[in-house]
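Structural overview for review
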Amino acid sequence: MAGCVSRVELSVTCRSLLDRDLGSKSDPLCVVLQDAGGGRWAELDRTERIKNCQNPEFCKKLVVDYYFEKVQKLKFGVYDIDNKSFDLNDDDYLGGIECTLGQVVSSSVFTRPLELKQGKPAGKGTITISAEEIKDTRVLCLEIEARNLDKKDLLGKSDPFLEFYKQNDAGAWQLVYRSEVVIKNNLNPCWKKISVPLQTFCGGDFNKPIKVQCADHDSDGSHDLIGTFETNLTQLQKAGDGSAVEFECIHPEKKQKKKSYKNSGIIRIKSCKIETEYSFLDYVMGGCQINFTVGVDFTGSNGDPKSPDSLHYISPDGINEYLIAIWSVGSVVQDYDADKLFPAFGFGAQVPPSWQVSHEFALNFNPSNPYCQGIQGIVDAYRQILPQIRLYGPTNFSPIINHVARFAAHSAQQGTASQYFILLIITDGEITDLDQTRQAIVNASKLPMSIIIVGVGEADFKAMEFLDGDNGVLKSLTGEPAARDIVQFVPFRQFKNAPREALSQMVLAEVPKQLVSYYKWQGWPPVKPPEIKKV
């Protein structure tokens, strides 16, 4: 298992960004990508979008796993977001930088000029990144409401939001949280539950000064201060069990001008709880086994395996795209599975002795024991079965997804974070049972499993990209949405000339988040939870 030394949280601010919007300022967002080899970059995280702002201080921290033994090349890109699509290719690029994570963590503050391309500065724009190691997995959960806030808008009431700042060692205030919900025209708002990592909020120091600002949101970015107060986590923790903690919201200028000034409203902390948020490594080190299953497409569109044009043709050096995909993904996943026994199936072929088309046959021809010993066992079974079957059709994914889902459902009944399932489907992409597959994925999204689809060959993989829910939530034919995004699709052709580890890094990048999101949704801790070392 690759030894992730620790996780670091990157805070990003920009100054003097280019202005790409007519009549208003840019709406920036920052994305961080990691070099995946072969000229490819994989997105790790992105900040929120801030409206009408050329000097953004992003609130959402970028979280990156830090490996001491790897040169982790990073690319930071700042974009002006003018639409709702997740894809950044249709947004204006405001500049970026390339650096290594080592450079960032070894500088207390890392500032660089933004470039539109190498050697071409993005005006006077700069980016500043500061890193902090995440040493604490506790999360602070707050429920907050307000009463009698000052009216700031001429035509309506105020649109209040909250900002929390912690005081750093130099005495400066650093933004740690901005409430997402701007409650329109309300002087007695009740905000959505706030969740912020304890490390971000106060560095684990319960007495660290915290400043809370309440402001009236204006769409042009010129937010008006309603009031502010200072506190610390020790005081906030007195809230709960029906008793709230109240703070007067004070506007400093109004207080100075008016002798009769009392406050600009009351902020009530209704509840303050500290919960533990577990990481992927917490689950894996706590005893979660990852079960790996392979499904191989043996439909006629792959071409006759004896012909060098076929995707199943094994070249003189003993490989093809199917085998490379099995090796590169399997070699990473096998480290997380104790018994190294992997079920492997084929679909879309006529199988002896009856020559009926099967959409779920064991590669070792042993349906009662379809397990192969290690990744080499899958490779051997694949090579042996090729001459014994007839490639046919149609291309049905749902039977093999439902097969793995049955095992995942059985495991989920135990109610513990002990088993997680990864299904790797390798296909030339021409899916027949799209509606049944959509339903199978929506059903599987409620189970401890992830699906990786690697597309081989030169086909149009529109259907595969549709199943990968990156551009919106996948829905079944009846409109039922997936509970979580569990499909990751990657076309093999993008990795033809890249090192083998590039493919596995790309397809497995989402799995840790998917595993954690499932167990968090269920409220299941690791089988053996880590001891919390309080900072």
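So, a few notes on the structure that sits alongside this text. (Residues numbered from 1 in each chain as written. Predicted model: local features only at pLDDT ≥ 70, side-chain atom pairs only at ≥ 80, totals over all residues. Heavy atoms only, no water.)

**What about a nonpolar patch on the surface?**
Stated precisely, the cut-off is as follows: A residue counts toward a patch only above 30% relative accessible area and without a salt bridge, and it is joined to like-charged neighbours within 9 Å or, for Val, Leu, Ile, Met, Phe, Trp and Tyr, to nonpolar neighbours within 5 Å. Only the protein chains shown count as cover for residues, and the accessible areas themselves come from Shrake-Rupley with a 1.4 Å probe. Put simply, a salt bridge is a Lys or Arg side-chain nitrogen that is within 4 Å of an Asp or Glu carboxyl oxygen. Numbering goes from the N terminus for both helices and strands, where a helix is a DSSP run of H or I of at least four residues and a strand is a run of E of at least two.
Judged by side-chain polarity, Leu341, Tyr371 and Phe407 come together as a nonpolar surface patch covering roughly 260 Å² of accessible area. Position of tyrosine 371 relative to the elements: it lies in strand β22 (residues 371-373).

**A look at the side chain of aspartate 45**
Under the convention used in this document: Throughout, exposure labels follow a simple rule: accessible area from a 1.4 Å probe, protein chains only, divided by the maximum for the residue type, with under 20% read as buried, over 50% as exposed, and the rest as partly exposed. N or O atoms within 3.5 Å of each other form a polar contact, as long as, within protein, one can give a hydrogen and the other can take it, and as long as residues adjacent in sequence are counted only when both atoms are side-chain atoms. The contact criterion used is simple: two residues touch if any of their non-hydrogen atoms lie within 4.5 Å.
Along the chain, aspartate 45 falls in strand β3 (residues 40-46). Look at aspartate 45 and you get buried, because its relative accessible area is 15%. Among the polar contacts listed, one links the side chain of aspartate 45 to the side chain of lysine 60, at a separation of 2.8 Å. When sequence neighbours within four positions are dropped, the list of residues in contact with aspartate 45 reads Val31, Val32, Lys60, Lys61, Leu62 and Val63.

**Quick notes on the pairing of strand β17 (residues 289-297)**
On a regular strand, each side chain points to the face opposite its neighbour's, so the side chains alternate between the two faces of the sheet. Inclusion rule: Here, strands pair whenever DSSP counts at least two bridges between them. Crossover handedness is defined here as right-handed if the route from the first strand over the helix to the second strand goes clockwise, with the strands pointing away from the viewer.
Counting buried positions along β17 gives eight out of nine residues, so the element sits mostly inside the fold. Examined bridge by bridge, β17 and strand β24 (residues 419-427) share eight bridges and lie parallel to one another. Bridge pairing in β24 links asparagine 291 to phenylalanine 421. Two strands pair when backbone bridges link them, and β17 and strand β18 (residues 341-347) are joined in this way by four bridges, in the parallel orientation. The partner of valine 294 across the bridge, within β18, is alanine 344. Crossover handedness for the path β17 to helix α6 (residues 321-333) to β18: right-handed.

**Observations concerning the pattern of salt bridges**
Taken as a whole and judged by the stated rule, the model has 19 salt bridges. Across the pair arginine 406 and glutamate 360 runs a salt bridge whose closest N-O atoms are separated by 3.7 Å. With arginine 406 in helix α8 (residues 398-412) and glutamate 360 in the loop between β20 (356-358) and β21 (361-362), the pair connects residues that are 46 residues apart, well separated along the chain. Taking the relative accessible area as the measure of exposure, glutamate 360 reaches 30% and is therefore partly exposed.

**Section: the sheet that holds strand β23 (residues 390-391)**
Strands sit in the order β20-β19-β23 across an open sheet of three strands; the sheet is antiparallel. Two strands lie at the open edges of the sheet, namely β20 and β23, each paired on one side alone. As paired elements, strand β19 (residues 349-351) and β23 share two bridges and run antiparallel to each other. Residue alanine 349 lies in a different strand from β23, and its bridge partner there is leucine 391.

**Considerations on the packing of α6 against helix α7 (residues 374-385)**
Which entries qualify depends on this criterion: Axis geometry follows a simple rule: fit a line to the C-alpha atoms, using only the stretch in contact for helices, then measure angles between N-to-C directions, giving values from 0 to 180 degrees. Oblique is the label for every angle not falling under 35 degrees (roughly parallel), over 145 degrees (roughly antiparallel), or within 65 to 115 degrees (roughly perpendicular). In this scheme the crossing of two helices becomes right-handed for a clockwise turn of the near helix relative to the far one and left-handed for an anticlockwise turn of less than a right angle.
Interhelical geometry of α6 versus α7 gives an angle of 165 degrees and a closest axis separation of 10 Å. Between α6 and α7, the angle falls in the class roughly antiparallel. Once α6 is placed against α7, the crossing between them reads as right-handed. Contact residues: Tyr322, Leu323, Ile326, Trp327, Gly330 and Ser331 in α6; Ile375, Gln376, Ile378, Val379, Tyr382 and Arg383 in α7.

**Remarks on the pairing of strand β16 (residues 266-276)**
In terms of strand pairing, strand β9 (residues 138-147) meets β16 through ten bridges, oriented antiparallel. Each bridged residue has a counterpart across the sheet, and for leucine 142 the counterpart in β16 is cysteine 272.

**Describing unusual backbone geometry**
Looking along the chain, the bond that leaves proline 352 and enters proline 353 is cis, with omega of 5 degrees. Position of proline 353 relative to the elements: it lies in the loop between β19 and β20. The omega torsion of the bond from glycine 393 to proline 394 falls at -5 degrees, within 30 degrees of zero and hence cis. As for its placement among the helices and strands, proline 394 is situated in the loop between β23 and α8. Residues other than glycine seldom take positive phi values, yet tryptophan 355 does so here, at roughly 60 degrees. Within the element layout of this structure, tryptophan 355 appears in the loop between β19 and β20. On the basis of relative accessible area, tryptophan 355 is assigned to the partly exposed category, the value being 31%.

**Digging into the environment of proline 352**
Along the polypeptide, proline 352 turns up in the loop between β19 and β20. For proline 352, a relative accessible area of 28% translates into the label partly exposed. Measuring from C-alpha to C-alpha, the distance between proline 352 and isoleucine 389 comes to 6.8 Å, with 37 residues separating the pair along the chain. Beyond its immediate stretch of four places on either side in the chain, proline 352 contacts Phe365, Gln388 and Ile389.

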